[in-house]
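Chain by chain, the residues:
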Amino acid sequence: MKRFLTKENLIAAGVACGVTLLFCVAAIWHLRHLTGLIEMDETFTAIFSQLENARVLPPWLLLLTLSAASAFGLKSLFRRHQTAAALLGLFVLLLLLALAFLLSTVNGILVADVLFSLVNVLLKGGF
C-alpha cells in the first residue's frame, strides 16, 4: 500500500479529480448558457432558454474513470517521452471535454441524441 501512495501517484489522482471537476462544471455552465453563446432566431432562443433552469447531469463517474486511467498512463509515458505524453495528454483532454458535453443529460435526455437529431434535420434541408 505504501508503494502506491507515492508523490507521483497522488499528483496523478489529484489531476484526474481536478480535470473531472473542471469538465463537469464546464459542461453544466455551457449547457445552461447555450442561448448566450449561440446566436439563434427567436424560436430557438425561446426553446433553449429553458436550459437555464433544467437539471443537467454530466457523466462524472465515466469522466473520473477515464481521466484517472489516462493520468496514470501518461505519468509513466511522461518519464520516457515527454513530448509524446504532452501531445497525447492534450488529445485526451479534448476527448474528455467532448465526452463531458455529449454524454451529459438534460432533464434525462442525452445531449448527443438532441445534437445528432438536429444535425440530421439540417442535413435533410430542414429549418
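Counting from 1, residues in each chain are numbered in the order their sequence is written. Reporting in this predicted model follows two pLDDT cut-offs: at least 70 for local features of residues, and 80 or more for side-chain atom pairs to be given and counted; totals over whole chains, interfaces and linings ignore these cut-offs and use all residues. Working from all heavy atoms in the structure, the side-chain values ignore hydrogens and water.

Quick look at the pattern of salt bridges
We count a salt bridge whenever a side-chain nitrogen from Lys or Arg sits within 4 Å of a carboxyl oxygen from Asp or Glu. One pass over the full model with this rule turns up 1 salt bridge. Salt-bridge contacts for Glu8 lead to Arg79; the nearest nitrogen and oxygen are separated by 2.7 Å. Of the two residues, Glu8 is situated in helix 1 (residues 7-32) and Arg79 in helix 4 (residues 60-80); the sequence distance between them amounts to 71 residues. Residue class for Glu8 comes out partly exposed when judged on its relative accessible area of 41%. Numbering of helices and strands runs from the N terminus; a helix is a DSSP stretch of H or I covering at least four residues, while a strand is a stretch of E covering at least two. Accessibility here uses a 1.4 Å probe with only protein chains present; expressed as a share of the type maximum, an area under 20% marks a residue as buried, one over 50% as exposed, and anything in between as partly exposed.

Focus: the sheet that holds strand 3 (residues 109-110)
Hydrogen bonds between backbone groups are what pair the strands of a sheet, and the pairing can be parallel or antiparallel. The 3 strands are arranged 1-2-3 in an open sheet whose pairing can be described as antiparallel. Lying at the two open borders of the sheet, with one neighbouring strand each, are strand 1 (56-57) and strand 3. Note that strand 1 and strand 2 (residues 105-106) share 2 bridges and pair antiparallel. Along strand 2, the bridge assignment pairs Val56 with Val106. Pairing between two strands is assigned when DSSP locates at least 2 bridges connecting them.

Here's the deal with helix 5 (residues 82-102)
Residues spaced three or four apart along an α-helix point in a common direction, a consequence of the helix completing one turn every 3.6 residues. A rise of 1.5 Å per residue sets the reference length of helix 5, with its 21 residues, at 30 Å; its end C-alpha atoms lie 30 Å apart and thus fit the reference within 8%. Residues of helix 5 that are buried include every one of Ala85, Gly89, Val92, Leu96 and Ala100, and no others. Projected down its long axis, helix 5 carries its buried residues within an arc of 75°, all on one side. Opposite its buried face, helix 5 presents the exposed residues Thr83, Leu87, Leu90, Phe91 and Leu94, each directed more than 90 degrees away. Contacts were defined at the residue level, with two residues in contact if any of their heavy atoms lie within 4.5 Å. Those residues of helix 5 that are buried are in contact with helix 1 and helix 4. One fewer than the residue count of a helix, multiplied by 1.5 Å, yields its expected span. To obtain the arc, one takes the directions from the helix axis to the C-beta atoms.

Side note on the packing of helix 1 against helix 4
Running from amino to carboxyl end, helix 1 crosses helix 4 at an angle of 140°, the nearest separation of the two axes being 8 Å. Judged on the interaxial angle alone, helix 4 and helix 1 are oblique. The way helix 1 lies across helix 4 gives a crossing that is right-handed. Here Glu8, Asn9, Ala12, Ala13, Ala16, Cys17, Val19, Thr20, Phe23 and Cys24 of helix 1 come into contact with helix 4, specifically with Trp60, Leu63, Leu64, Ser67, Ala68, Ala71, Phe72, Lys75 and Arg79. Within the contact of helix 1 with helix 4, the residues separate by chemical class into 13 nonpolar, 3 polar and 3 charged. To get an axis, fit a line to the C-alpha atoms, keeping to the stretch in contact for a helix; angles then go from 0 to 180 degrees between the N-to-C directions. When an angle is under 35 degrees it counts as roughly parallel; over 145 it counts as roughly antiparallel; between 65 and 115 it counts as roughly perpendicular; any other value is oblique. Handedness of a crossing is defined here by the sense of rotation of the near helix relative to the far one, left-handed for an anticlockwise turn of less than a right angle and right-handed for a clockwise turn. Residues are grouped as follows: nonpolar covers Ala, Val, Leu, Ile, Met, Phe, Trp, Tyr, Cys and Pro; charged covers Asp, Glu, Lys and Arg; every other residue, Gly included, is treated as polar.

Considering the layout of surface pockets
The calculated volume of the second largest pocket comes to roughly 360 Å³. If you trace the second largest pocket, you find 19 residues lining it, with Val15, Ser70, Ala71, Leu74 and Lys75 closest to the centre. At the level of secondary structure, the elements contributing two or more residues to the lining of the second largest pocket comprise helix 1, helix 4 and helix 5. By residue number, the principal contributor to the lining of the second largest pocket is helix 5, which donates 7 residues. Of the residues belonging to the lining of the second largest pocket, the class tally is 14 nonpolar, 3 polar and 2 charged. Cavities and pockets are found on a 1 Å grid laid over the protein atoms alone: a cavity is a set of points where a 1.4 Å probe fits but cannot escape, a pocket is an open set with protein on both sides within 12 Å along at least five of seven lines, and a lining residue has an atom within 4 Å of such a point. Grid points are joined across faces, edges and corners, and a volume is the space filled by probe spheres set on the points.

Brief notes about helix 1
Between its first and last C-alpha atoms helix 1 spans 37 Å; for 26 residues at 1.5 Å apiece the expected length is 38 Å, and the two agree. Taken together, the buried positions of helix 1 are Asn9, Ala12, Ala16, Val19, Thr20, Phe23, Cys24, Ala26, Ala27 and Leu31.

Here we look at a nonpolar patch on the surface
Patches in this entry comprise residues that are over 30% relatively accessible and not in a salt bridge; like charges within 9 Å are linked, as are nonpolar side chains (Val, Leu, Ile, Met, Phe, Trp, Tyr) within 5 Å. Per-residue and other accessible areas were derived by the Shrake-Rupley procedure at a 1.4 Å probe size, with only the shown protein chains allowed to occlude residues. The grouping of Leu115, Phe116, Val119 and Leu123 at the surface amounts to a nonpolar patch, some 410 Å² of accessible area in total. With respect to the element layout, Leu123 can be found in helix 6 (residues 111-123).

By themselves these figures say nothing about function.
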